[in-house]
Amino acid sequence: MAENLNIYYNCTDLNPSLECCGCSSAASDALQSYVLNTQYDYDVPLKLQLVPRDSIHAKGCVGRFEKWQQDNLVLLAKVFVGFCLAQILLSGIKAVRANWQGCHTAHSHPTWPWSTVWVPQAPDNVSVMGKAEGDVSAATKAPRQSCPSSTPLGGFLLFAHESPFFHLPTLEPSSVEWNVSSNRRAHHTDKFYSPELILRRGQPFIISVSFTGNVRSGEDLMFTVSTGPNPSESARTKAVFPLANGTRDGWSAELQSNQGNTLTIGFSSPSSAPIGRYTLGLRSSSSSVNLGMFILLFNPWMQNDSVFMNNAAEREEYVLQDAGIIYVGSTNRIGMVGWNFGQFEQDILNICLSILDRSLNFRRDAATDVAQRSDPKYVGRVLSAMINGNDESGVLSGNWSGNYTGGLDPRNWNGSVEILKEWKRSNFKPVRFGQCWVFAGTLNTVLRSLGIPSRVITNFNSAHDTDRNLSVDVYYDPLGNPLDKGSDSVWNFHVWNEGWFARTDVGLPYSGWQVLDATPQERSQGVFQCGPASVIGVKEGNVDQAFDMPFVFAEVNADRITWIYDSDSNTLKKNASDTHSVGKYISTKAVGTNSRMDVTEKYKYPEGSDQERQVFEKALGKLKPNRLFNPTSAGGSEGDEREPSVSGKFKVTGILEVGKEVNLSLILTNLTSDMKTVTVNMTAWTIVYNGTLVHEVWKDSITISLDPKEETLYPVKISYSQYEKFLKADNMIRITAVCKVPDEGEVLVERDIILDNPSLTLEVLGHAQVQKPVNAQMLFSNPLDEPVKNCVLMVEGSGLLRGNLRIDVPTLRPKERSRVRFEILPTRSGTKQLLADFSCNKFPAIKAMLSIDVAE
């Protein structure tokens, strides 16, 4: 049958299905009015209008259409190409018209009555092909003013006299090579454990930018740099500058090489740029994109930078050294503790930048705060406020009570790294707890991390003058008990920082080392902050200079006045005035060694010299203190100006160790040719290093008769059982004697003693080499006749350990020796410092430090 050849529906003898052959069968049956529509909806009735035909088309229309395509292939190709070219032309004109209108609007050009194609800096042999309306000549007469850098490079049509017109490819950056390793080496930032590009201001750096197409010329490229949340060119937190053939003042970009589609560009920043995190952007005539971010720091290697430090050894010590020593103790027993600054450790730089971004100044006016970060004086002052947590969001909470429940005893910290990381982990809540050397060690980390040369300073017998009268008043009762009366105090030691930078605000002669103190003692401009105060200015008594000069001057120069207050009679008597004891042995770590360097002469002229007294009187005259606040003029006070007839002093006669009896002698001397009877009232208190009284642990009273010129010794013994429960981590006891001769004034004798902890030894058991594990061990012997419990060993060291190592040590029996081994993995060569803190129920903080030479 003919219908079996209906290949249009695949109706064949091999495929005789109703679905494929239904239509043809229905058409041949002229007697039936209705058939089933089996092709499109099987079994659905469909009325057909039957028209007899002479024949049935076996191939259908598909074959005919295929044959028509083959016969007219050239015609179809021409139509398709013409359509595509029309589309390209139309879209190009629309894009450039829109772009030119933006360019025209930005530059306030007059409105042209025709639509123009903008041609920036077209070569001489190239002319405009056309315009959307009007004639070609009118388009070529469009003004050739400079178009903004956002004008597309590839959005216009050109006609070359000797070649067909073409569409320039869009100039889009495809990749950026930051040259992190070489740039960081050149900028002395290669020690940071961070993959970021970290740069120092005022110094060139090189990056390479690759584009999607070949770069014909770099003259049309513009770059932007910006920092902070509201960058602006007026505030110098944003800069827009072209790619040029030479450097210029401020931010600049100089073409180093052009290799096909890759430009190598040398960038330079001003040496006074604000420090912080920057975004680098590119504006070409086809795009405006951010290329990425980098961090900009102060630059002590750059002469034009206000933190420039000329001496290479000092730069190495005060910028690049990541471990150090902090001096503690008292004038008669100077000790030291190691400190891990760790400014290059992972994430520390980011945390340091976060400190700035969480300051009160930033929250009040972010734009102004970021703009002022160009000035190390401003940055240092902000940091002195932010390292303490007294004014919200600061890093550390101070505690001098002796009770450290809810936090860590300040003596247990080994360095700044764990403090800063804990601050971030706690969502920027102040870390508990810190005291002066902890505040100073942490501030030193932040200053060095940001590029400000800095060091830690310890002042022994440091005065805390609260009323700006350059004298510190301390009080005792007639029995020799220290009284918590008044707000002045003398600390056994106090630790602060010095930062190195220029002082254009008070005069360049006062540049150099500047005191910055993060310990919260007194408010300055409503905030617990201190400094910067010029060390040179302090020495010269210029207490009218900024910032906080009277307070710092008093710390090292104040006179110490002792008063005897009798509560029964409500009388206050001046006992003694000491002009020599405050500000002794001002110390810092020496450059390149672990020895102590005394810098007292940087702060003051020699005690007792004419110059020293002249400077003191000069400072006092500038302050003009209100004498009503000085107990010297307080009502009810009286003094006895006669020279005392006896003298006394305490002398240590035994070993000063925790767990052993304290043995001293009170030496009394009759200074006259007459016999004297002396009544002596003595007390001993455990104290915190800043003079805070903890608990009375011993007292005694005696009466002694002295022959003319006689000297006698009275023994003082304080047992371990008397002081063990009240001794704090400072291990300090203050012993006082008030000596009274009838009809004469009292003579006060005082001494602070420090008890030594048992020794803690660190050893490395092998040769230390980069990326090769090596064992170390801690050795400790329990010296007591009782067990020590709750023992914990904390170890850290930049370049030796990643993070902090905590080891729980089993209970030690009486006199038992403990050996704890652990593994370190050096990551940097050179001399590294391993630090350990051992604590238990009987010894709150035992310190050890070991220098390790790590081979490459």
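Here, every reference points to the structure presented above.
What counts and how
- Starting afresh in each chain, residues are numbered from 1 along the sequence in its written order.
- Per-residue local features are limited, in this predicted model, to residues with pLDDT of at least 70; the limit for side-chain atom pairs, both in listing and counting, is 80 or more; totals at the level of whole chains, interfaces and linings are taken over all residues.
- Only hydrogens and water are removed before side-chain values are computed, so all heavy atoms of the structure are retained for them.
- Working definition: helices are DSSP H or I runs of at least four residues, strands are E runs of at least two. Numbering for both runs from the N terminus.
- Relative accessibility decides the category of a residue: with a 1.4 Å probe and only protein chains considered, values under 20% of the type maximum give buried, values over 50% give exposed, and everything between is partly exposed.
- In this description, contact between two residues means that some pair of their heavy atoms is separated by no more than 4.5 Å.
- Using a 1.4 Å probe, accessible areas were evaluated by the Shrake-Rupley method; residue-level cover was limited to the displayed protein chains.
- Two strands are counted as paired when DSSP detects at least two bridges linking them.
- Angles shown run from 0 to 180 degrees and are taken between the N-to-C directions of axes, each axis being a line fitted to C-alpha atoms and, for helices, limited to the stretch in contact.
- Geometry of aromatic contacts follows a simple scheme: Phe, Tyr and Trp rings, the Trp one being its six-membered ring, pair when their centres are within 6.5 Å, and the pair is stacked under 30 degrees between planes, edge-to-face over 60, tilted otherwise.
- What we call a nonpolar core is a set of buried Ala, Val, Leu, Ile, Met, Phe, Trp, Tyr and Cys residues that are connected through their side-chain atoms within 4.5 Å.
- Only one rule defines a salt bridge in this text: a Lys or Arg side-chain nitrogen within 4 Å of an Asp or Glu carboxyl oxygen.
- A patch is a set of surface residues, each over 30% in relative accessible area and not in a salt bridge, joined within 9 Å for like charges and within 5 Å for the nonpolar side chains Val, Leu, Ile, Met, Phe, Trp and Tyr.

A. How the structure looks around the overall build of the chain. Across its full length, the chain holds 17 helices and 45 strands. Counting across all 856 residues of the chain, residues that qualify as buried make up 50%. Across the chain, contacts joining residues at least 24 apart in sequence account for 67% of those joining residues at least 6 apart. For the chain, the accessible surface area stands at approximately 39,700 Å², while carbon and sulfur atoms represent 51% of it.

B. Local environment of the sheet that holds strand E13 (residues 276–283). Strand order across the open sheet formed by nine strands is E6-E8-E12-E11-E10-E9-E13-E14-E7, with mixed pairing between neighbours. Here the strands that pair on one side only, and so sit at the sheet edges, are strand E6 (173–177) and strand E7 (198–200). Ignoring strand direction, the axes of neighbouring strands in this sheet form an average angle of 30°. For E7 and strand E14 (residues 288–297), the ladder comprises three bridges, and the chain directions are parallel. Residue pairing for E14: Leu199 is matched across the bridge by Leu296.

C. Summary view of the pairing of strand E45 (residues 846–854). Sheet topology note: the strand E44 (residues 830–839)/E45 ladder contains nine bridges and is antiparallel. Note on E45: the bridge partner recorded for Gln833 is Ser851. In sequence, E44 turns back onto E45 through a hairpin of six residues.

D. The arrangement of the packing of aromatic side chains in detail. Considering all chains together, one arrives at 26 aromatic pairs under this definition. Arranged with centres 5.5 Å apart and planes meeting at 50°, the rings of Trp251 and Tyr278 form a pair that is tilted. In this pair, Trp251 sits in the loop between strand E10 (238–244) and strand E11 (252–259) while Tyr278 sits in strand E13, placing the two residues 27 residues apart along the sequence. For the residue pair Trp251 and Tyr278, the accessibility class agrees, reading buried in each case. Arranged with centres 5.2 Å apart and planes meeting at 75°, the rings of Trp500 and Trp513 form a pair that is edge-to-face. Taken together, the residues Trp500 in strand E22 (residues 489–501) and Trp513 in strand E23 (residues 512–516) connect sequence positions 13 residues apart.

E. Examining the nonpolar core more closely. Core analysis: the largest hydrophobic core is formed by 65 residues, its most contacted members being Ile355, Leu383, Ile387, Trp437, Leu450, Phe493 and Tyr689. Among the elements that line this core, the one with the most residues is helix H12 (residues 436–450), at nine residues. Leave out the neighbours within four places in its chain, and Ile355 touches Leu383, Met386, Ile387, Val395, Leu420, Trp423 and Val446. Grouped together as the second largest cluster of nonpolar side chains are 61 residues, Phe650, Ile704, Tyr720 and Ile852 included.

F. Examining the pattern of salt bridges more closely. Following the criterion strictly, the structure yields 31 salt bridges and no others. As a salt-bridge pair, Arg596 and Asp598 come within 3.3 Å of each other at their nearest N and O atoms. Asp598 gets classed as partly exposed once you look at its relative accessible area, which sits at 34%. In this structure, the salt-bridge partner of Asp752 is Arg734, at a minimum N-O distance of 2.8 Å. Here the residue Asp752 occupies a position in strand E38 (residues 746–754), and Arg734 occupies one in strand E37 (residues 732–740), the gap between them amounting to 18 residues. One exposure class covers both Asp752 and Arg734, and it is buried.

G. Structural context of a nonpolar patch on the surface. Nonpolar side chains collect at one region of the surface, where Phe80, Val81 and Leu85 lie side by side and expose about 320 Å² of accessible area between them. As for its position among the elements, Val81 is in helix H3 (residues 73–107).

H. The environment of Phe205, seen in detail. Mapping Phe205 onto the fold places it in strand E8 (residues 205–211). Residue Phe205 is classed as buried on the basis of its relative accessible area, which comes to 3%. Here Phe205 is in contact with Asn183, His187, Leu199, Trp251, Ile265, Gly266 and Phe267, once residues within four sequence places are set aside.

I. Seen up close, the sheet that holds strand E43 (residues 817–824). Ordered in space as E39-E40-E43, the three strands form an open sheet in which the pairing is antiparallel. Each edge of the open sheet is held by one strand with a lone partner, namely strand E39 (760–764) and E43. Direction aside, neighbouring strands of the sheet carry axes that sit 20° apart on average. Judged from the eight bridges that link them, strand E40 (residues 774–781) and E43 form a sheet pairing that is antiparallel. Of the residues in E43, the one forming a bridge with Val774 is Ile824.

J. Focus on the pairing of strand E18 (residues 431–434). One ladder, built from three bridges, connects strand E17 (residues 396–398) with E18; its direction is parallel. Considered in E18, the bridge of Leu396 is made with Val431.

Keep in mind these numbers describe shape, not what the thing actually does.
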